[in-house]
Amino acid sequence: MTRPAVLALLLLPLVAHAGNLRYAEDQAPALLNPVYGSSMAEARASELLFEGLYTDDQELATRPSLAESSELMPDRLSMIVALRTDVTWHDGQPFTADDVVFTITAMLDKGTASTEYGRVAWIKSAEALDAHRVRLTFARPELHPEDKLFFKIVPKHLFSGLPLKRGDTFRTKPVGTGPWRLTQFNEDNSVSFRKHGDHRNSTGIDEVTLREVADKNYQAKLILYESLEALVRVLPRDIAMLQNNRKVELYPYQTNSWWYVGYNLNRPGLNNPQVRKAISALVDVDALLAPVGTGARVSGPFVPSSPYYNHDVRLTEADADVADAAFVAGGLSRVGEAWTVAGKPVVLTLVAHQSLESVQEVTINLQSQLQTAGIRLEVQFLDDAAWKERVWRNHDFDLMLSQWTFDRNEDIREQFHSQGTRNFVGYQSPEVDGLLDKARDAADPFVRKATLRELHAKIATDQPMLFLWTLDSYAALSVKVKNVVIHPFSFFTFAPSWTMK
Amino acid sequence: MAEIVKNPETFTAYVQSSRAGWIALHSNDWRGAVAAGGDPAIRAEAELLRFHRVLAALDTEAWQRLGATWRAQGSLPADSLLAWFVGAALSDAGRDTEAAEWPTGAAADAAVAERKVLHDAIRNGTARLTDLPAGEPLVREVVVGGTRDLPDPWRLRTHARVDALNTVALPLNPHLFSGDIGLPLTLPERATDGVADGDACRDAVRSVDLELDAWRQTASAAANDDGRALLDDLRLTQGARARLLVDRAAAVLDTGRAHCALALGQLALDHEAPRAIGAINSPTLFAVVASAQLQVGRPREALDALDVLAADWPETAGVDETLNTLVVLQGMDRRGESRE
């Protein structure tokens, strides 16, 4: 970003006044329909706008939100949820049981292609008993179904019917029941929210403004110049500067987030475990991580502090001899400096989302490491639309660099089950499917813990991905913001109780 | 500290007597300091005692929450020693009223009874800490689909008792340079609301930081080059600040002010190296943060803090597993969410 551009950002006519909390995102969400959530920026904005039947309290225990109460039937195959009667949508319409039934039915509808399908797949049907009571019927007996009813509810009256479409106008004109309502998408890509006056709970902040600051290098400066009140994630290199500033408070918070290089297992060559093993053995992960920030390497699909992390699984290490042997075992030959297949040099395409933090440093470093070892890597940075098209829908890549962030349940089913909706790499393992099922069905926490540790080991062996690292996460908030409790996933869940001087 | 900065030769002369020990103590390597002997060893023993006391309290709380959560869910297994372990942990901590809610009496398992005898012997000095088997679990129960591994519920308190036996004379302040900054951290009265209590404690630290900034400038200006180098290279001010905050955090934790303890702990953390023990980050800091996180209802976050201790402090493996199980238990019926 050029200096005038920074000045322009600082001078934006977004007047700071008491009760206006401005926070930065690398990229403003283009779509605010929670049925199609895919990015963390969307999740955070959705938390301002929408509510689920249940939510977390500050100790992360389940508490009713749009639900008033519920009754689980003795056979545990159905429940009746009584809804609050004092809830209105941001457009003034009353919230009713029809909205709940509509949301669930829409997410279950295959034609909707909801990214959140997995969160309702356990519900067989939803039926409105009256204006404020819903009967949910389950596919299997449920012990505590309210623990799964956190997905956001959308208003039936703003959709023309089923299935829903990603392009519905609702995506940019969202109407929820949450504590803030959207007022407008601004020309500078910022998004403005204002307190939902009819919300049942008071909020300490009148306005929230999401400011798109694509260059993360300037986000910390903006909070120092009091042009922002909150940074969702502080770049590691900015931590020292903010730590020593008396106008800003740093809040370390826990995120179950890890980076990876995914191998497209539907591509010839990459479906060979020896080839994947060889590529992984060419990568010096510590060297990739060093310029990115402080964090910890991971050997599998959990972060090291997770209950499911298997500490017996070793981290991959760069080892040219291992790589050479694995390439040969995988049918590759070295010709001169390059590894070849059928006489042609291996050329791989790596895609990465352009807004991924430090993406250029990581990809250039990776490209260099592979190039030195005889593998040519072509890197493509994709904008959000292209990423959704290439990765989410068409699985069109050889390698992908990305990260996953999980809530505290660290449910990796969608990423690794053969039927998972987020299994972009095309991983198919009956053994892993079985372990995921066993973990899901376990009634004993000790058994679930051990099963998922076994799963970690199995996935690490199969290497559908090269697991990289988890980064330390810090939020920064102006000292003007008080009563701050940060939700480790959704960030703003407890923001209604935040106050501003 | 002011004197040291003005006359760095005083510092050199003082630490020369046990240079290796002072270096270890400065980097919060307490076992290294104990091994080196001398004055640093005495101070390090005091640090170890406090560290293990915090961990022992954390372990007890983890057992209590695991048992209570499982019981509240209505699925606490009747065929497990787990309930007995909860009672044993609470009883060992002197939380007798709560312990009475759990099975008590002689351990049904011979290995468990034998372990308890060994702990008693170590605590009264007739056996050594090294006699205690290092690994976990103490009990492995076979259940449908796997095993239930229960860690030793007495281990950390035994460490604390041994530390107490070794701590021959408690120094007024275990740290050489912390006493003379002259910036008392006066914490506010406890606020009714926990989060507000945390905010008030943050504000108190902020006031101290402003004074500390000024003190540091003055001290630096009055120091010669060697003194300034000491102040900067050894991060004396930051270290003293962190120790002050951790001291106070451990103290308020004992009075149930978990939000305040958490705020102090987070403010003490060296954010440039948040996963490493060093001159600023002590093991007790992570133990305090883990304990505070659990008390404010965030056991998953407590695991993050404990993770830092795992490599160098193997005795934390048991409390780590108990918290792991608690976290898993709390999410048994949840459906997870993930985003890019």
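Just so it is clear, the model here is predicted, and its values are computed rather than measured. (Residues numbered from 1 in each chain as written. Chains lettered and ligands numbered in written order. Predicted model: local features only at pLDDT ≥ 70, side-chain atom pairs only at ≥ 80, totals over all residues.)

Peer 1: Looking at this structure, how should I read unusual backbone geometry?
Peer 2: Trans peptide bonds make up most of the peptide bonds, and negative phi angles are found at most residues other than glycine. The omega torsion of the bond from A:Leu162 to A:Pro163 falls at -5°, within 30 degrees of zero and hence cis. Mapped onto the secondary structure, A:Pro163 falls in the loop between β7 (133-138) and β8 (180-185). With an omega dihedral of 0°, the bond running from B:Glu136 to B:Pro137 counts as a cis peptide bond. If you trace the backbone, B:Pro137 turns up in the loop between α8 (110-123) and β1 (139-143). Residues other than glycine seldom take positive phi values, yet A:His395 does so here, at roughly 50°. Inspection of the secondary structure puts A:His395 in the loop between α10 (384-393) and β20 (399-406). Backbone geometry places A:Gln463, a non-glycine residue, at a positive phi of 50°. (Helix = DSSP H or I, 4+ residues; strand = E, 2+ residues; numbered from the N terminus.)

Peer 1: Sorry if this is basic, but what is going on with the domain arrangement of chain A here?
Peer 2: One frequently used descriptor of interface size is the decrease in accessible area upon assembly of the parts. Residue and element names in this part refer to chain A. According to the domain assignment, chain A contains domain 1 (3-33 + 178-253 + 475-500), domain 2 (54-158) and domain 3 (256-471). Here domain 1 and domain 2 have C-alpha centroids that lie 30 Å from each other. Taken together, the eight residues of domain 1 in the interface contact seven residues of domain 2. When its residues are assigned to classes, the side of domain 1 that touches domain 2 shows two nonpolar, three polar and three charged. (Domains from an automatic or database assignment. Contact = placed C-beta atoms within 7 Å. Nonpolar A, V, L, I, M, F, W, Y, C, P; charged D, E, K, R; others polar.)

Peer 1: Mind showing me how you'd approach the nonpolar core here?
Peer 2: Buried together is how nonpolar side chains tend to be arranged in soluble globular proteins. Of all hydrophobic cores here, the largest spans 91 residues; its most connected members are B:Ala249, B:Ala261, B:Leu264 and B:Val288. At 15 residues, the largest contribution of residues to this core is made by helix α5 (residues 38-72) of chain B. For this core, the two domains that each supply at least three residues are domain 1 (2-33 + 175-297) and domain 2 (55-166) of chain B. The contacts of B:Ala261, once residues within four sequence positions are left out, are B:Ala249, B:Val252, B:Leu253, B:Val288 and B:Ala292. One finds A:Ala24, A:Leu48, A:Leu250 and A:Ala476 within the second-largest nonpolar core, a separate group that totals 74 residues. (Core = buried A, V, L, I, M, F, W, Y, C linked by C-beta atoms within 7 Å. Buried ≥ 20, exposed ≤ 12 C-beta atoms within 10 Å, placed from the backbone.)

Peer 1: Quick question: what am I supposed to make of the sheet that holds strand β1 (residues 20-25) of chain A here?
Peer 2: Within a sheet, neighbouring strands are paired by backbone hydrogen bonds and run either parallel or antiparallel to one another. All names here are of chain A. Judged by pairing direction, the sheet is mixed, and its seven strands sit side by side in the order β8-β9-β10-β1-β11-β23-β12 without closing on themselves. Bordering the open sheet on either side are β8 and β12 (248-252), each of which pairs with just one other strand. Here strand β9 (residues 191-195) runs beside strand β10 (residues 207-212); their pairing, made up of four bridges, is antiparallel. Opposite Arg194, over in β10, you have Glu207 as the bridge partner. (Pairing = 2+ DSSP bridges.)

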